[in-house]
Amino acid sequence: IKTVKEQYEIRDQILKERLEILLPKVMNNSKADAWIIASKEYHEDLLFPLLVPASYITARRVTMLAFIKDKENIRRFSLSLPDDDLEQYYERYWDYKNETQSEALNRLFTEFNVSHIAWNTSEDSAFADGLSSGLYKQYQREIDPKFVACFMEDKLLPIKLMEIRSETEKSL
């Protein structure tokens, strides 16, 4: 039996592999050039524990992660309250003292000129339906209409990211 510290180290190694190796493969097979994961405190997306460090146990207010295709790379951003553990894996993007989360998201979409924005919504797959209805409606109101028109569903993004195993997971 592993200690909690050893378990956290394993989870964080798996996270590193998932973000650096698996995520690019999954996203490059999608039409989406942006993928947003937003989780409310105590109402997390099913992917949430797979995408955050072991020490980041629950969403805080709204924890938002953004994956953006940038030429040959997948950039990872946090539009969440500052957190040292989270920022080991994600670039902090939201200037929470000077803008709302939605304003930061609009800025991100503009900066990267996105045209296909995937959210975890699905009518037929629970694994791909992690975004709460309330948050989705809020973003539809607060995001620039030209970007709302780019919202899309790609249920294979979350499903593939959950089903593909990293080398560390395979070795356990």
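Just above, that's the structure.
What this report covers is the structure whose coordinates are included nearby. (Residues numbered from 1 in each chain as written. Predicted model: local features only at pLDDT ≥ 70, side-chain atom pairs only at ≥ 80, totals over all residues. Heavy atoms only, no water.)

**Re helix α3 (residues 101-112)**
Part 1 of the argument: Relative to the 16 Å expected for 12 residues at 1.5 Å per residue, α3 spans 17 Å between its end C-alpha atoms, a close match to the ideal helical length.
Part 2 of the argument: Packing partners of the buried residues in α3 comprise β1 (34-40), β2 (62-70), β3 (73-78), β5 (117-119), α4 (133-142) and α5 (145-148).
Part 3 of the argument: In the stretch just after α3, Asn113 is the one whose phi turns positive, near 50 degrees. (Helix = DSSP H or I, 4+ residues; strand = E, 2+ residues; numbered from the N terminus. Expected span 1.5 Å × (residues − 1). Contact = heavy atoms within 4.5 Å.)

**Let's talk about the pattern of salt bridges**
Part 1 of the argument: Taken as a whole and assessed by the stated rule, the structure comprises 13 salt bridges.
Part 2 of the argument: A salt bridge links Glu163 to Lys160; its shortest N-O distance comes to 2.8 Å. On the criterion of helical spacing, the pair formed by Glu163 and Lys160 is a turn pair, its members being 3 residues apart in helix α6 (residues 156-163).
Part 3 of the argument: Note on Lys160: relative accessible area 35%, which makes it partly exposed.
Part 4 of the argument: The salt bridge partner of Lys170 is Glu167, with a shortest N-O separation of 3.5 Å. Taken as a pair, Lys170 and Glu167 lie in helix α7 (residues 167-171) at a separation of 3 residues, close to a single helical turn. Taken individually, Lys170 and Glu167 each receive the classification exposed, so the pair is uniform in this respect. (Salt bridge = Lys/Arg side-chain N within 4 Å of Asp/Glu carboxyl O. Buried < 20%, exposed > 50% of the residue type's maximum accessible area, 1.4 Å probe, protein only.)

**Side note on the sheet that holds β5**
Part 1 of the argument: Spatial ordering of the open sheet is given by β4-β3-β2-β1-β5-β6, a layout of 6 strands whose pairing is mixed. Because the sheet does not close on itself, it has two edges, and the strands there are β4 (91-92) and β6 (151-153).
Part 2 of the argument: The pairing of β3 with β4 spans 2 bridges and is classified as parallel. Note that in β4 the partner of Ser78 across the bridge is Arg92. (Pairing = 2+ DSSP bridges.)

**Some thoughts on unusual backbone geometry**
Part 1 of the argument: Located in the positive-phi region is Tyr42, a residue other than glycine, with phi close to 65 degrees.
Part 2 of the argument: Position of Tyr42 among the secondary structure elements: in the loop between β1 and α2 (48-51).

**With respect to the side chain of Asn106**
Part 1 of the argument: Tracing the backbone through its elements, the reader meets Asn106 in helix α3.
Part 2 of the argument: A relative accessible area of 16% places Asn106 in the buried class.
Part 3 of the argument: Setting aside residues up to four positions removed in sequence, Asn106 forms contacts with Glu142, Ile143, Asp144 and Phe147.

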